[in-house]
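Observations on the three-dimensional arrangement
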Amino acid sequence: MRIAVVGGGAWGTALAQVAAQGGETLLWAREPEVAASIADTRENKLFLPGVPLSSAIRPTTDLADLAACEAWLMVTPAQHMRRVLEAAPPSPRALILCSKGIEESSGQLLHQVAREACPDAAVMVLSGPTFAHEVATGLPTALTLAAEIEAEAETVRARLARPAFRIYLSDDVAGAEVGGAVKNVLAIACGVVEGRGLGQNARAALIARGFAEMTRFGLGRGARAETLAGLSGLGDLVLTCSSTSSRNFSLGKGLGQGRPATELMADRRTVAEGAFTAPVLRRLAEQEGVDMPIVAAVDDLLAGRASVDAVLERLLSRPLRTERA
Ligand SMILES: NC(=O)c1ccc[n+]([C@@H]2O[C@H](COP(=O)([O-])OP(=O)(O)OC[C@H]3O[C@@H](n4cnc5c(N)ncnc54)[C@H](O)[C@@H]3O)[C@@H](O)[C@H]2O)c1
Ligand SMILES: O=P(O)(O)OC[C@H](O)CO
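All values reported here derive from a predicted model rather than from experimental measurement.

Each value, and the rule that gives it
Residues numbered from 1 in each chain as written. Chains lettered and ligands numbered in written order. Predicted model: local features only at pLDDT ≥ 70, side-chain atom pairs only at ≥ 80, totals over all residues. Heavy atoms only, no water. Axes fitted to C-alpha atoms, helices over the stretch in contact; angles between N-to-C directions. Helix = DSSP H or I, 4+ residues; strand = E, 2+ residues; numbered from the N terminus. Parallel < 35°, antiparallel > 145°, perpendicular 65-115°, else oblique. Left-handed = near helix turned anticlockwise from the far one by under 90°. Contact = heavy atoms within 4.5 Å. Domains from an automatic or database assignment. Buried area = accessible area lost by both parts, 1.4 Å probe. Salt bridge = Lys/Arg side-chain N within 4 Å of Asp/Glu carboxyl O. Polar contact = N/O pair within 3.5 Å; in protein donor to acceptor, adjacent residues only side chain to side chain. Core = buried A, V, L, I, M, F, W, Y, C linked by side-chain atoms within 4.5 Å. Buried < 20%, exposed > 50% of the residue type's maximum accessible area, 1.4 Å probe, protein only. UniProt positions renumbered as here; feature names shortened; annotations may be inferred.

Attention now goes to the packing of helix α14 (residues 293-303) against helix α15 (residues 308-316). What describes two packed helices is the angle between their axes and the distance between those same axes. Orientation of α14 relative to α15, taken along the N-to-C sense of each, is 165 degrees, at an axis distance of 10 Å. Relative to α15, the element α14 is oriented roughly antiparallel. Seen along the crossing, α14 lies across α15 with a hand that is right-handed. Contacts between α14 and α15 involve Pro293, Ile294, Ala296, Ala297, Asp300 and Leu301 from the former and Val308, Val311, Arg314 and Leu315 from the latter.

Moving on: the domain arrangement of the chain. One frequently used descriptor of interface size is the decrease in accessible area upon assembly of the parts. Domain boundaries in the chain define domain 1 (3-171) and domain 2 (181-316). Taking only C-alpha atoms, the centre of domain 1 and the centre of domain 2 are 25 Å apart. Each partner contributes residues to the interface: domain 1 has 28 residues there, and domain 2 has 24 residues. Of the roughly 2,000 Å² buried between domain 1 and domain 2 on both sides combined, carbon and sulfur atoms contribute 62%. Sorting the residues of domain 1 by area buried against domain 2 places Lys100, Ile102 and Phe131 first, and these three jointly supply 31% of that buried surface. Linking domain 1 with domain 2 are four salt bridges, by the criterion used here. The shortest N-O distance in the salt bridge between arginine 283 and glutamate 104 comes to 3.2 Å. Run the count over domain 1 and domain 2 and you get four residue pairs in polar contact (both at pLDDT 80 or more).

Within the largest apolar cluster, 45 residues are counted, with the highest numbers of intra-cluster contacts made by Phe217 and Leu302. For this core, the secondary structure elements donating two or more residues are α7 (173-196), α8 (200-220), α11 (247-256), α12 (261-265), α13 (274-288), α14 and α15. Top contributing element to this core by residue count: α7, with twelve residues. Counting 40 residues, the second largest nonpolar core, distinct from the first, contains Ala10, Ala71, Cys98 and Ile167.

Here the focus is the UniProt feature "binding site: NADPH" (unreviewed entry) in the chain. In the numbering used here, UniProt assigns the feature "binding site: NADPH" (unreviewed entry) to Trp11, Arg30, Lys100, Ala132, Arg247, Val271 and Glu273. Structurally, the position occupied by arginine 30 is in the loop between β2 (25-28) and α2 (32-41). Here alanine 132 is to be found in helix α5 (residues 132-136). The exposure class assigned to alanine 132 is buried, which follows from its relative accessible area of 13%. What alanine 132 contacts, discounting residues up to four positions off in sequence, is Ala10, Trp11, Ala14 and Leu48.

Structure, rendered in C-alpha cells:
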C-alpha cells in the first residue's frame, strides 16, 4: 500500500517519518520552502526543526502526485481539509484523517466532510496522545485507528504500525474524532489555569469536568463511552492538558497571563486547533442542549468577550450538583 501524507506541518512530517520505515512515502507540503528544506537537508526546518528525516520521505508540492498512492493520511488543519481534498485527484482507496477539529462552516466532524468530498474512499480516523516531536524521534506512542470497515483498517495498520507506534483498532469513528477535537479546547482552559496560577487542584478538576463535557457531547453524536475514555479521548486530554509542548495549552497559558487572544494568534504559523474548534463546538452544544460551561468560557476568552476573572467567577458560582450531572 503506497502512502501519501497530505500536510507538511509537524504532525504530517512525523507521520511520514513513521510511514517511511515501511517504504517510500510521499509528503505533500503546501509551502515550497518546506518541500525544499526536506529535499535538500532532510529536515523540516519550519515545522519540525532538529529532527533528521528518513531518506524514504519524498516531498512534493504538487497535489497531482497523490494519484499514485492508495492511502492518504490527511494532516492539514481541520478548517482546510475540504478545500485540499477538492483540489486533489479522485478518491484514494483509504483516507485516514489525522487532524483534530470540527469544520466551522458546516459544523461537521471531519469524517463527515471526508465522506462528502471523497464518497468512494474508506474513511478512518487515526488519533491519540501524540506529540509530533516524540513520534518523529521514535519515542513509544499508542493511538487509535477507527474505521467502519475493519479489513481496510487492518491493512492500514499492517502498513503503519511499529513496536514504538502501537495502533489499536476501533469501529467508533465519531468517538475517536470527538475526543481529539474537544480536548484541544479543554487544553486551552488548562493553560489558562497555569498562566493565572490557579494551582494543580484546579487543573485536575478542569480535566475531570472537561471530560464530563466531552462525554456529554460525544454520546449525543453517537460516540461510545469507552472510546471517549480511551487513547483518543481521555488519553489525549491528559497529555495536552499537562504540557507546554501543546500549542493549545501554551495559547491558554498566554491568555491566563493576561495577553489578548488576537496578539497570541497573530503571525503564528503553527496551528492551535482549539481556537477554531471552540466557537463551533459551543454553537453545536447550545443548539443540541448539551451543557459545556468550560467550552463556553474558553470561547468567551478567545473572542475577548470576558476576562479570565469574569469566566472564573462564572464557573465557580455555578449551582452545586451531583457529579454525574
Ligand atoms: N503537532 C502535533 O503534535 C499533532 C499531533 C496530532 C494531531 N495534530 C493535528 O494535525 C493537524 C495539523 O497540525 P500540525 O501540527 O501538523 O501543523 P503545524 O502547526 O505544524 O503546521 C501548520 C500546518 O498548516 C498548514 N496550512 C496553513 N494554511 C493552510 C491552508 N490554507 N491550506 C492547507 N494547509 C494549510 C501548513 O501548511 C502546515 O502544514 C492539526 O489538526 C493538529 O491538531 C497535531
Ligand atoms: O500541540 P497541540 O495542542 O496541537 O497537541 C498536539 C496533539 O494533538 C497531542 O496529541
